[in-house]
Amino acid sequence: MSEYDNISNEIRELAAKLLARGEVDVVIGYKPTALPGRTQPAFAYKPEDAREFVFNPLCVSGLPLYLTKAKPEISAKDRIAIVAKGCDVKNIVALQRENQIRREKIKVIGVVCKGVVGKYGRCDGKTEPKPEDLDEKCRYCDVNTPRDYDYLIGEKIESSPQSKEKEFEEINRIEKLSPRERWKFWEEHFKRCIKCYACSKVCPLCYCNRCIVDKTMPRWIDPSSHARGNLAWNIIRAQHLAGRCTGCGECERSCPMDIPLMLLNKKLERESEELFGYRSGYNPHDPIPLAVFREEDDDEFVR
Amino acid sequence: MNSNGNQNIYQPKLIRVIDKIQETPDVFTFKWRFVDEKENEAFDFKVGQFGEFTVFGEGESTFDICNSPTQKEYNEFCCRVVGKVTKALSKVEPGETLGFRGPYGGSFPVDKYKGSNMLFISGGIALPPVRCVIDYCLAKRSDYAGLTILYGARTVDDLVYKYMLKDWGSRPDVKLVTTVDPGGETPDWKGEVGFVPAILEKMNPSRENTYVVLIGPPIMIKISMQVLGKLGFDPGRIYTSLENKMKCGVGKCGRCNVGNVYVCKDGPVFTYSEILALPQEDI
Amino acid sequence: METKIINKQDLAKLIDGLISAGARTVAPVKVGQMHLFQEVRSPAEAVFDYFLARRSPKEFLFPQTEPIFSYTRQKDSVKIHPVDMAFPRTVVFGLRPCDAAGPGILDALFAWDYEDKFWFNRREQTAFVSMTCAQADHACFCSSVGLSPDAADTGADLHLTLLDDGQRYFVEAPTGKGKKLVSEFPSLFKPATDSDAAARGSAGEKAKGLITRKLDLSNVKQWLGSHFTDELWERLSAKCIGCGACAFECPTCHCFDFQDEATPEGGVRCKNWDSCCIDNFTLHASGHNPRNIQHKRYRQRIMHKFKYYIDKFGKTLCTGCGRCSRQCPVTLDIAEVLENIAAKAASGS
Ligand SMILES: Cc1cc2nc3c(=O)[nH]c(=O)nc-3n(C[C@H](O)[C@H](O)[C@H](O)COP(=O)(O)OP(=O)(O)OC[C@H]3O[C@@H](n4cnc5c(N)ncnc54)[C@H](O)[C@@H]3O)c2cc1C
Ligand code: SF4
Ligand code: SF4
Ligand code: SF4
Ligand code: SF4
Ligand code: SF4
Ligand code: FES
């Protein structure tokens, strides 16, 4: 039996046990799909539902969004268990930090993860992806063993320190471009945007009941998918996640138009770290940089 | 068969507001004519059809044409302020220009109703879409037998068309019953107090040779239907008008699709038996 | 059906010829890791050795954002400025038979009683040149909705099938528009022999063999008719996150919204793609939303495509292209949903 079969079995057993004992009402995990190279989110309400659960490097999608907005009928349920990789746990921590969930009501089934497959990577789901097939975020992962969990599945591993230089290579390159070249770079990408809002719907931290794109009085973002509307949307989405984004990569993965949204997110992530020493998803009690005010804050820009 | 030649079916015609009446704190009646006089002569519509009205700069919204087509000098719509377009409308004054597309949708079969008793039941802001039928029957009074109107609102303030109610109430050939929800009455209120379905039950109308036009909030419709059922009314003789969210009004944008119908084109007027055949959850 | 042969170089010349003739010439172009239909300035940009374009070619008849009129405004008067409804001649190359089927399915909707001239004026000006599929994946299920990866007559004006030699395309011209295109460039099209026709036949068989997903949809419509409420909806579509990815990539989704973009002096109204899976699609101004939970929205997607549209317009609103399954962020595989429905229908539950 492969490592992933063992992990899958453990998840099934644990989930079935939690449900059978009535400790939780639902377990959110992954199950197979007929489409090769994929898995899909799954909800188990009864112990026997848990038989379908799997875990392997095809379990790319982040499940924490089902803790809040994506599934109000589930999140209304009090007691939830959720299968979470280290990066998913970061989103849970961020949600906790923003008072969107009550952590004590959630049982986190943390899974030690050696990386999931990239959008265009290849992986049979039985063994871990080759380095070139790994998802980008996994190359620089520092949470292979989740930092917070109620149950941990898999042998703990240490994440190896990664070169920031490499992680931010493309961002550094773009920063060096002239404003005009940079503009052109983004224009080329944004012009493809089809305003499907998959990037926001999939983001666990984009949880507003009424997104700014839906607000009409006044209308902040042109809803049409033209240069102006697309630009406004993509910039505002990234801005609203500034200092909050945990870098899970779900937005970019979900974008059907392959817009490199992570470049924006990671740029803001770095700003937040450099300016405020804040990294989202690591500590549920740190103050959020853009939500605190201090007397000594620079206010020169306010006129 | 297409009825629009090479016309852009999404482009409105210009209309001018000639009068505005504040019906309740948040309901306004607008009287309008086309800016282009030729359009006024050519314009015709059927009882129960609706239009798509544009407030330029804000957007487009669906309202019933709530006068009878027998009234030729101007047309009317009546709107309640709920969102973006309706809020903008509340600020529109006589003389201003709006856009209009229509008339769209099906109509009440007023010819079929000839010779029958008519029972009109309506609540709140839903009187305007019923009023077009009432006005039509009054304009052709001798074509119809008894006319009974039951109209209710939350409070006295919320009753629309107070001037019309006065007129209908004073006519010997119309039976008008008005009601307000318990607690909504004023000291000098002379009508009934109670929810529309309860008053309906008390009125105990005869189903003999009667057609019903029933429009109101979903909950009022639902309970009134139960009462009408108890009184032996045939759902096939009860007519209502659906208000699904709409955009295009011409069966293209998909928004109003429920079950096998596109409400904007296959409706909005349906018999209750037709409504029962639709997936109820989607209405 | 008129048949011909065109070789690769001559296909390039055809594209060149159309560009020189001033036609908007569209073909799959590689953008990053995906292929998109884009206007090409030279035949070299076109990529025909590809699977399927990320976005369907519907946008060439029904763009995602289309200004429908503009206006200027003064205090008491408004002037409407109609948009030009004459569209350039357009030839779209390299679409797959499923994509070619899309417009024909939507004609009935855009025509009933009122004709959407944006659609039909463009339709008149546009020719489609489809190609037999060279790849397929497990999301493809065209043959289950009456299409086929080698079908020439799903809606294209010309259909090309690459023959064994890898150099020559067998050309079929199912429509008048297609025949005209051939006669416009007579030197590029060579006569097809019987053995070419045989080779085309076997290439077609090979393409058919690519389809691994076979669904039995025979009882689906009937089941849908009597199972508007069923546990299946929640179970299968609870994970849907209500984005627009599926509808916006789909060759047959037609829903749209109107949006005004304006300043006090004037503005423009646009017709923008929309989707029944997005939460505010049916949200009334009052706050009432009949489809108030995600699985009810996804149910509309299935109902509309596999029941209502068939009842109303006689056609299934799906070409089996599989885009919605492939691009769904949570892998809501439409074929899986249909398989589940078919299984329920077969078991009588
Ligand atoms: C056939 C029909 C007849 C109607 N007749 C009347 C009437 O006579 N009087 C009246 O006050 N109201 C009527 N309504 C409801 C009215 O159309 C909405 O209240 C109005 O569109 C809300 O617009 P808004 O811009 O203020 O709201 P917003 O929430 O800002 O809505 C934005 C847009 O969404 C659409 N929309 C939102 N809610 C509805 C809705 N309930 N129905 C249709 N479209 C909606 C409109 O296009 C609207 O412009 C009717 C609706 C229908 C379908
Ligand atoms: S913005 Fe993108 S990367 Fe950041 S948390 Fe949201 S989905 Fe994840
Ligand atoms: S997912 Fe991509 S295409 Fe869709 S709205 Fe976001 S950036 Fe645009
Ligand atoms: S519903 Fe899905 S499979 Fe069917 S045509 Fe649309 S995108 Fe293709
Ligand atoms: S599936 Fe939904 S978005 Fe697509 S055409 Fe039907 S109702 Fe519209
Ligand atoms: S089915 Fe998938 S692509 Fe479609 S709305 Fe739901 S989550 Fe988005
Ligand atoms: S309102 Fe557009 S289809 Fe009915």
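Residues numbered from 1 in each chain as written. Chains lettered and ligands numbered in written order. Predicted model: local features only at pLDDT ≥ 70, side-chain atom pairs only at ≥ 80, totals over all residues. Heavy atoms only, no water.

## As for the pattern of salt bridges
Here is the rule: For this document, the term salt bridge refers to a Lys or Arg side-chain nitrogen within 4 Å of an Asp or Glu carboxyl oxygen. Each helix corresponds to a stretch of at least 4 residues labelled H or I by DSSP, and each strand to a stretch of at least 2 residues labelled E; elements are numbered beginning at the N terminus. Whether a residue is buried, partly exposed or exposed follows from its accessible area with a 1.4 Å probe, protein chains only, as a fraction of its type maximum: under 20%, in between, or over 50%, in that order.
The full count for this structure, using the stated rule, is 72 salt bridges over all chains. A salt bridge links R103(A) to D150(A); its shortest N-O distance comes to 3.0 Å. A residue pair is termed long-range when its members are at least 10 positions apart, and R103(A) in the loop between α3 (86-97) and β4 (106-111) and D150(A) in the loop between α4 (136-139) and β5 (151-153) qualify at 47 residues. Accessibility expressed as a relative area gives 11% for R103(A), which makes it buried. Measuring nitrogen to oxygen at the nearest pair gives 2.8 Å for the salt bridge that ties R89(C) to E184(C). One end of the pair, R89(C), is in the loop between β5 (78-82) and β6 (90-95); the other, E184(C), is in helix α4 (residues 176-184), with 95 residues separating them in the sequence. Its relative accessible area of 36% is what places E184(C) among the partly exposed residues. One continuous salt-bridge network, built from bridges that share partners, spans D150(C), E172(C), R200(C), E205(C) and K208(C).

## Topic: the interface of chain A and chain C
The following threshold applies: Contact definition: two residues touch when any of their heavy atoms are within 4.5 Å. Buried area is a sum: the accessible area each of two parts loses on coming together, probed at 1.4 Å, counted once for each and added. In the analysis that follows, any N or O atom pair within 3.5 Å is treated as a polar contact, provided that within protein one partner can donate a hydrogen and the other can accept it, and provided that, for residues neighboring in sequence, both atoms belong to side chains.
Contacts between chain A and chain C engage 39 residues on the former and 39 residues on the latter. On the chain A side of the interface with chain C, the three residues burying the most area are L35(A), I194(A) and K201(A), jointly 17% of the side's total. K201(A) is the salt-bridge partner of D279(C), the closest N and O atoms lying 3.7 Å from each other. Where chain A meets chain C, there are 12 residue pairs in polar contact (both at pLDDT 80 or more). Those elements giving two or more residues to the side of chain A that touches chain C turn out to be β2 (39-44), α8 (198-202) and α10 (250-254) of chain A.

## Quick notes on the sheet that holds strand β6 (residues 97-104) of chain B
Backbone-to-backbone hydrogen bonds pair the strands of a sheet. The strands run either parallel or antiparallel. Residue and element names in this part refer to chain B. Note the cut-off: Here, any two strands with at least 2 DSSP bridges between them count as paired. Helix axes use the C-alpha atoms of the stretch in contact, all axes being lines fitted to C-alpha atoms, and the angles between their N-to-C directions lie in the range 0 to 180 degrees.
Pairing is antiparallel across the open sheet formed by six strands, whose spatial order is β4-β3-β6-β1-β2-β5. This sheet does not close on itself; its edge strands, each paired only once, are β4 (59-64) and β5 (75-80). Adjacent strand axes in the sheet meet at a mean angle of 40° when their direction is disregarded. Of the pairings in the sheet, the one linking strand β1 (residues 13-24) to strand β2 (residues 27-34) comprises eight bridges and is antiparallel in character. Bridge assignment links D19 to a residue of β2, and that residue is K31.

## A few points about the site of ligand 2
All names here are of chain A. Inclusion rule: Here a residue counts as near a molecule or strand whenever at least one of its heavy atoms sits within 4 Å of it. Asp, Glu, Lys and Arg are counted as charged, while Ala, Val, Leu, Ile, Met, Phe, Trp, Tyr, Cys and Pro are counted as nonpolar; the rest, among them Gly, fall into the polar class.
In the neighbourhood of ligand 2, 13 residues make up the surrounding shell, with C203, C245, C248, G249 and C251 lying closest. Elements represented by at least two residues in the shell around ligand 2 include exactly α10 and α11 (261-276). A breakdown of the residues in the shell around ligand 2 according to their chemical character gives six nonpolar, five polar and two charged.

## Some details on helix α4 (residues 162-170) of chain B
Residue and element names in this part refer to chain B. Put simply, the test is: This arc is taken over the directions from the axis of the helix to the C-beta atoms.
Those residues of α4 that fall on the buried side of the exposure criterion are M164, L165 and W168. Along the axis of α4, the buried residues cluster in a sector spanning 100°; they form a single face. Set apart from the buried face of α4 by more than 90 degrees, the exposed residues are K166 and S170. If you follow the buried residues of α4, they end up packed against α3 (127-139), β8 (147-153) and β9 (174-180).

## What about the environment of P251(C)?
Among the structural elements, P251(C) can be located in the loop between α8 (245-249) and β11 (256-263). Discounting chain neighbours no more than four positions away, the residues touching P251(C) are S56(C), K58(C), D99(C), G102(C), L106(C), T319(C), C321(C) and R323(C).

## Digging into the side chain of D116(C)
Structurally, D116(C) is set in the loop between α2 (97-111) and α3 (117-125). For D116(C), a relative accessible area of 0% puts it in the buried group. A polar contact is formed between the side chain of D116(C) and the side chain of Y10(B), at a distance of 2.6 Å. Every residue in contact with D116(C), bar those within four places of it in the chain, is listed here: I9(B), Y10(B), K252(B), F110(C) and K271(C).

## Some points on the domain arrangement of chain B
All names here are of chain B. Defined as follows: Here the bounds of each domain stem from an automatic or database domain assignment.
When its domains are assigned, chain B resolves into domain 1 (13-104) and domain 2 (117-241). Centre-to-centre separation of domain 1 and domain 2, based on C-alpha positions: 24 Å. Domain 1 puts 20 residues into the contact, and the matching count from domain 2 is 17 residues. When the two sides are added together, the surface that domain 1 and domain 2 hide from each other amounts to roughly 1,300 Å², 63% of it contributed by carbon and sulfur. Three residues stand out in domain 1 for area buried against domain 2, namely E23, V47 and C66, and they jointly supply 33% of the buried area on that side.

## With respect to the domain arrangement of chain C
Residues and elements named next belong to chain C. Taken domain by domain, chain C comprises domain 1 (2-208) and domain 2 (220-347). If you average the C-alpha positions of domain 1 and of domain 2, the two centres end up 26 Å apart. Taken residue by residue, the interface counts 41 residues in domain 1 and 43 residues in domain 2. Carbon and sulfur atoms supply 59% of the area that domain 1 and domain 2 bury against each other, a total of about 3,500 Å² over both sides.

## A word on the sheet that holds strand β12 (residues 266-273) of chain C
Residues and elements named next belong to chain C. Taken in spatial order, the four strands make up an open sheet running β5-β4-β12-β11, and their pairing is antiparallel. Two strands lie at the open edges of the sheet, namely β5 and β11, each paired on one side alone. Strand-to-strand twist across the sheet, computed as the mean angle between neighbouring axes with direction ignored, equals 25°. As paired elements, strand β4 (residues 65-73) and β5 share five bridges and run antiparallel to each other. Looking at the pairing, Y71 lines up with I80 of β5.

## Quick word on the interface of chain B and chain C
Each side of the interface is counted separately: chain B has 50 residues, and chain C has 54 residues. Here chain B meets chain C over a buried area of about 4,400 Å², counting both sides, of which 51% is carbon and sulfur. At the junction of chain B and chain C, the tally comes to eight salt bridges. Viewed at the interface, chain C and chain B are joined by 25 residue pairs in polar contact (both at pLDDT 80 or more). Looking at the side of chain B that touches chain C, the elements that each hand over two or more residues are β1, β3 (50-55), β4, β6 and α7 (263-266) of chain B. No other element matches β6(B), which puts four residues into the side of chain B that touches chain C.

## Focus: the side chain of K252(B)
By the secondary structure assignment, K252(B) is in the loop between β12 (238-241) and β13 (257-258). Within the structure, the side chain of K252(B) is placed 2.9 Å from the backbone oxygen of L109(C), a separation counted as a polar contact. Look past the residues within four positions of K252(B) in its chain and what remains in contact with it is I9(B), Y10(B), L109(C), F110(C), A111(C), W112(C), Y114(C), D116(C), H254(C) and F256(C).

## Side note on the packing of aromatic side chains
To be explicit about the condition: Pairing of aromatic rings covers Phe, Tyr and Trp, the last counted by its six-membered ring, and requires centre-to-centre distances within 6.5 Å; plane angles under 30 degrees mean stacked, over 60 mean edge-to-face, and any other angle means tilted. Definition used: whenever NZ (Lys) or CZ (Arg) falls within 6 Å of the ring centre and also within 35 degrees of the ring normal, the charge is taken to sit over that ring.
Under the counting rule described, the total for this entry stands at 42 aromatic pairs over all chains. Both rings, one in W32(B) and one in F34(B), keep their centres 5.4 Å apart while their planes meet at 85°; by these two values the pair is edge-to-face. Neither residue differs from the other here; W32(B) and F34(B) are each classed as buried. A ring pair is formed by Y161(B) and Y163(B), whose centres lie 6.1 Å apart and whose planes are at 65°; its orientation type is edge-to-face. Through successive ring pairs, a cluster of aromatic residues spans Y10(B), F62(C), F87(C), F110(C), F118(C), W119(C), F248(C), F256(C), F258(C) and W273(C). Lying over the aromatic face of Y211(B), R237(B) brings its terminal NZ or CZ to 4.0 Å of the ring centre.

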